[in-house]
Amino acid sequence: MDKILHQPLGGNEMPRFGGIATMMRLPHIQSAEDKRQLDVAFVGVPLDIGTSLRSGTRFGPREIRAQSVMIRPYNMATGAAPFDSLNIADIGDVAINTFNMAEAIRIIEQAYDEIVEYGIKPLTLGGDHTITLPILRALKKKHGKIGLVHIDAHADVNDHMFGEKIAHGTTFRRAVEEDLLDCDRVVQIGLRAQGYTAEDFNWSRKQGFRVVQAEECWHQSLAPLMAEVREKVGGGPVYLSFDIDGIDPAWAPGTGTPEIGGLTTIQAMEIIRGCQGLDLIGGDLVEVSPPYDTTGNTSLLGANLLYEMLCVLPGVQRR
């Protein structure tokens, strides 16, 4: 049977302001039979009960989809043509428990167990950064310990938050403790602002992570950095986790924990494009909070960064 290659719905087939909102106006796939034929799926995880300041990321997946309507199939800068070689669709949202974090985490892990079993590479629309922990748990069962490229204003390596071991600021400490990460193949980019102690970022360094504070990125292209990153994290499966607050709030104000002095949108694209050639097994874009995104620009940025992730996945043709 010929490989199915879904295409985004074009602007001349349905006005871009019309139709049902799916990521890039792709088909919404639900049946197990159809999922088994997918190479890549966009997945929403509308969780925000792990946030520590401003909530609202539960609305992130819906608004990212709405803002994705202008994205066209071909990447004119890189030549990537993902829809010419991969079967890609939107498989909707994980039906999380909005009142119970432990149960929500269990549901997410179970959902991603199924996605992995289907052989799908997930690109996830968050949701707060807590969601990355159950996703990594599911991916490790197939791939073993995972390398990580993590873009964020915060290291998310707190031991607890208000006594809770699982929240959006504890994700990567739990991932280390659970042996999900290949710590010698982890890079964190964009960390900045203030801490509780002078050692806050050093916990990551002590695990073997390469920590790139935002100040290292100011006023320069990040293409040279990404050559170093590829050398650091290559040689095994890699997950890409992008917290939108890694971007300066001048460009991405719609997030729960904004920090000044962050990355530019151009640097964000350089980071993702610099992951081409890695064995990427999935990625997420988290912490978009539409209630603080009055222009829609943060969700628009999130949608485009997810498209850029799609364009660097293994198997994408280039024209």
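Here, every reference points to the structure presented above.
Notes on the structure follow. All figures in this text were calculated on a predicted structure; none of them were measured in a lab.

With that out of the way, let us pick up unusual backbone geometry. Backbone torsion omega between Gly126 and Gly127 reads 15°, so that peptide bond is classified as cis. By secondary structure assignment, the location of Gly127 is in the loop between β4 (121–126) and α4 (132–143). Positive phi, close to 55°, is recorded for Asp156, a residue that is not glycine. Mapped onto the fold, Asp156 is located in the loop between β5 (146–151) and α5 (171–177). One non-glycine residue, Glu287, lies in the positive phi region at around 75°. Within the fold, Glu287 resides in the loop between β9 (279–286) and α9 (297–311).

Another point: the pattern of salt bridges. Within this structure, the stated rule accounts for 20 salt bridges. Ionic pairing is found between Arg137 and Glu109, a salt bridge with its closest N-O pair at 3.6 Å. Separated by 28 residues along the polypeptide, Arg137 in helix α4 and Glu109 in helix α3 (residues 101–117) bring together distant segments of the chain. By the burial criterion, Arg137 is buried, and Glu109 matches it. We note a salt bridge from Glu228 to Arg210, for which the minimum N-O separation is 2.6 Å. Here the residue Glu228 occupies a position in helix α7 (residues 223–233), and Arg210 occupies one in strand β7 (residues 210–213), the gap between them amounting to 18 residues. A relative accessible area of 38% means that Glu228 is categorised as partly exposed. In this structure, a network of salt bridges that share partners links the residues Glu109, Asp113, Arg137, Lys141 and Glu178.

Turning our eyes to something else, we now look at the state of the cysteines. One pass over the structure, following the stated rule, counts 0 disulfides. You can see Cys275 has no disulfide; the closest cysteine sulfur is in Cys311, sitting 13 Å from it.

Conventions and cut-offs
- Residues numbered from 1 in each chain as written.
- Predicted model: local features only at pLDDT ≥ 70, side-chain atom pairs only at ≥ 80, totals over all residues.
- Heavy atoms only, no water.
- Helix = DSSP H or I, 4+ residues; strand = E, 2+ residues; numbered from the N terminus.
- Salt bridge = Lys/Arg side-chain N within 4 Å of Asp/Glu carboxyl O.
- Buried < 20%, exposed > 50% of the residue type's maximum accessible area, 1.4 Å probe, protein only.
- Disulfide = S-S within 2.5 Å.

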